[in-house]
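If you want the building blocks of each chain, they are given just below.
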Amino acid sequence: MKQERIRDSIEQLNRDMSEKSLEGHWNLGLEDLPPYPVTSVQPCLWRWEDVHESMIRAGEVVNLEQDAERRTIRLLNPGIPGGHGTTHTIHFSFQYVKHGEYARAHRHTAAAFRFVLQGRGAYTMVNGQQCVMEEGDLILTPQLTWHDHVNDSGKPIIWLDGLDIPLTQALHQLFFEPYHQEQQALETTSDEVAGFYSHARPALEPPKQFFHYKWADTERSLERLRRNGSGRDPYDGYLLEFLNPVTGGPTMPTIQCAVQLLEPGQETLAHRHTSTVIYHVYRGEGTSIIGGQVFQWRQGDSFVVPLWNQHAHANTSPDTDAILLSMSDAPVVKALDLYREAS
Ligand code: 1HN
């Protein structure tokens, strides 16, 4: 008995334990436990020309009736091996719907939004609420809301889809359900709901279903921020977050959407935070330094700022505003009390 104990060793113990699906924490060194968050997600940028060329080709060869639930092209981050996300939590894709086409009604546990890039007059139907699209509109399809897209506008339409799919997948919560019909019947319109918010009568219950932020309102709010000098954030320029008017909280429980305006020549200070952000250049051109790499961007490009990467943005045009749309996982990081910022 005594002899056996002497012959025992950490190596022997490790081998015996691994056969029983056990592992000792003594195998971790301090090098495995860095004093700051580490991510495999890489800073990267996708050019609009590449997305657009693939999209037009997909319009020729991908048939919405036969081939696919959606004609979408997603952005893949090389830092996620075998994964499908633009980041580890959130994802961007681009969707192309030609005149006369529709994308069938379905719902899923992943939350999504649409941001309209080119075209107008098509609509998304969300839980029976018709949201007619204009460029720059943001349309939400929150967790488990039924949604279908219909284009009878006479022209093709392109929008951006933001989803929390990688996060929902990581939590093993992703499920999907087709609707019993290809399209939903119209019950109300987002204009009727917006009318309620602008002339709210206290005697009535406010609608629980707010899905449509119109660009005309967003633009007006950005202009108001710009006129009010204190609206300028040193790290983000004129930053306007889309709050959910029903909850007063983030856009959706897992996703914060925002637009930020940088005036001609404006440069932000550098900072970092534990949330991850995907940007889309809605208007203008500029440069971002992300984790020490320089990315030059112009209208239509998209780029990723992974968590804890130091970053700063600059509008390099002498005479044109730059407007960035962003999607962040900050609501999740904050809800878990993991949000940190440093400059
Ligand atoms: C989805 O349902 C849509 O409804 C777009 O338009 C993109 C990407 C992954 C999973 C579901 C849509 C999607 C998606």
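Just above, that's the structure.
The structure presented is a predicted model; accordingly, all values stated were derived computationally and were not measured. (Residues numbered from 1 in each chain as written. Predicted model: local features only at pLDDT ≥ 70, side-chain atom pairs only at ≥ 80, totals over all residues. Heavy atoms only, no water.)

Our focus in this paragraph is the overall build of the protein. Of the regular secondary structure elements, the protein holds seven helices and 24 strands. Each principal axis of the C-alpha distribution contributes one length, and for the protein these read about 85 × 50 × 50 Å. Within the span of the protein, comprising 343 residues, buried residues form 49% of the whole. Contacts spanning at least 24 positions in sequence make up 74% of the contacts within the protein whose residues lie at least 6 apart. Total accessible area on the protein stands at roughly 17,800 Å², and carbon and sulfur atoms take up 52% of it. Of the charged side chains in the protein, 29 are positive and 44 negative, and the gap between their average positions amounts to 2 Å. (Helix = DSSP H or I, 4+ residues; strand = E, 2+ residues; numbered from the N terminus. Buried < 20%, exposed > 50% of the residue type's maximum accessible area, 1.4 Å probe, protein only. Contact = heavy atoms within 4.5 Å. Areas by Shrake-Rupley, 256 points an atom, 1.4 Å probe, with all protein chains shown as cover. Lys, Arg positive; Asp, Glu negative; His and termini not counted. Charge placed at Lys NZ, Arg CZ, Asp CG, Glu CD.)

Looking now at the site of the ligand. Looking at the ligand, the residues that line it are Arg70, Thr72, Ser93, Gln95, His106, His108, Arg114, His147, His149, Asp161, Leu163 and Ile165. At 2.8 Å, a side-chain N or O of His108 approaches an oxygen atom of the ligand. For the ligand, an oxygen atom lies 2.9 Å from a polar atom in the side chain of His147. Protein chains bury 87% of the 330 Å² of accessible surface belonging to the ligand in isolation. Of all the elements in the fold, those that place two or more residues in the shell around the ligand are strand E3 (91-97), strand E4 (102-108), strand E9 (147-150) and strand E10 (157-163). Split into classes, the residues belonging to the shell around the ligand amount to two nonpolar, seven polar and three charged. (Near = heavy atom within 4 Å. Polar contact = N/O pair within 3.5 Å; in protein donor to acceptor, adjacent residues only side chain to side chain. Nonpolar A, V, L, I, M, F, W, Y, C, P; charged D, E, K, R; others polar.)

The subject of this paragraph is the layout of surface pockets. By volume, the largest pocket is sized at about 640 Å³. Surrounding the largest pocket, 27 residues form its lining, Thr72, Arg74, His91, Leu163 and Ile165 being those nearest its centre. Secondary-structure elements contributing two or more residues to the lining of the largest pocket are strand E2 (72-74), E3, E4, E9, E10 and helix H4 (165-170). Top contributing element to the lining of the largest pocket by residue count: H4, with four residues. Classifying every residue of the lining of the largest pocket by side-chain character gives eight nonpolar, 14 polar and five charged. (1 Å grid on protein atoms, 1.4 Å probe; cavity = no way out; pocket = protein on both sides within 12 Å on 5 of 7 lines; lining within 4 Å. Points joined across faces, edges and corners; volume = space filled by probe spheres on them.)

Among the seven residues in E4, five count as buried, and that is most of the element. Strand direction decides the pairing type here: E4 and E9, joined by three bridges, are antiparallel. Bridging across to E9, Ala103 finds its partner in His149. In this sheet, strand E11 (residues 176-178) lies alongside E4 in antiparallel orientation, the contact comprising three bridges. By the bridge assignment for E11, Arg107 is matched with Glu177. (Pairing = 2+ DSSP bridges.)

Moving on, we get to the sheet that holds strand E22 (residues 311-315). Pairing is antiparallel in the open sheet, where three strands are placed in the order E20-E19-E22. Two strands close off the open sheet at either side, each with one partner strand: strand E20 (293-298) and E22. Looking at each pair of strands side by side, their axes are set apart by 20 degrees on average, direction ignored. Both strand E19 (residues 285-290) and E22 contribute to a ladder of five bridges, which runs antiparallel. (Axes fitted to C-alpha atoms, helices over the stretch in contact; angles between N-to-C directions.)

Moving on, we get to the environment of His212. With respect to the helices and strands, the residue His212 is situated in strand E13 (residues 212-213). In this structure, the C-alpha to C-alpha distance between His212 and Ser190, residues 22 residues apart in sequence, is 6.2 Å. When sequence neighbours within four positions are dropped, the list of residues in contact with His212 reads Cys131, Val132, Asp137, Leu138, Ile139 and Ser190. Engagement of the side chain of His212 in a polar contact is seen with the side chain of Asp137, the distance being 2.8 Å. In this structure the side chain of His212 is engaged in a polar contact, spanning 2.7 Å, whose partner is the side chain of Ser190.

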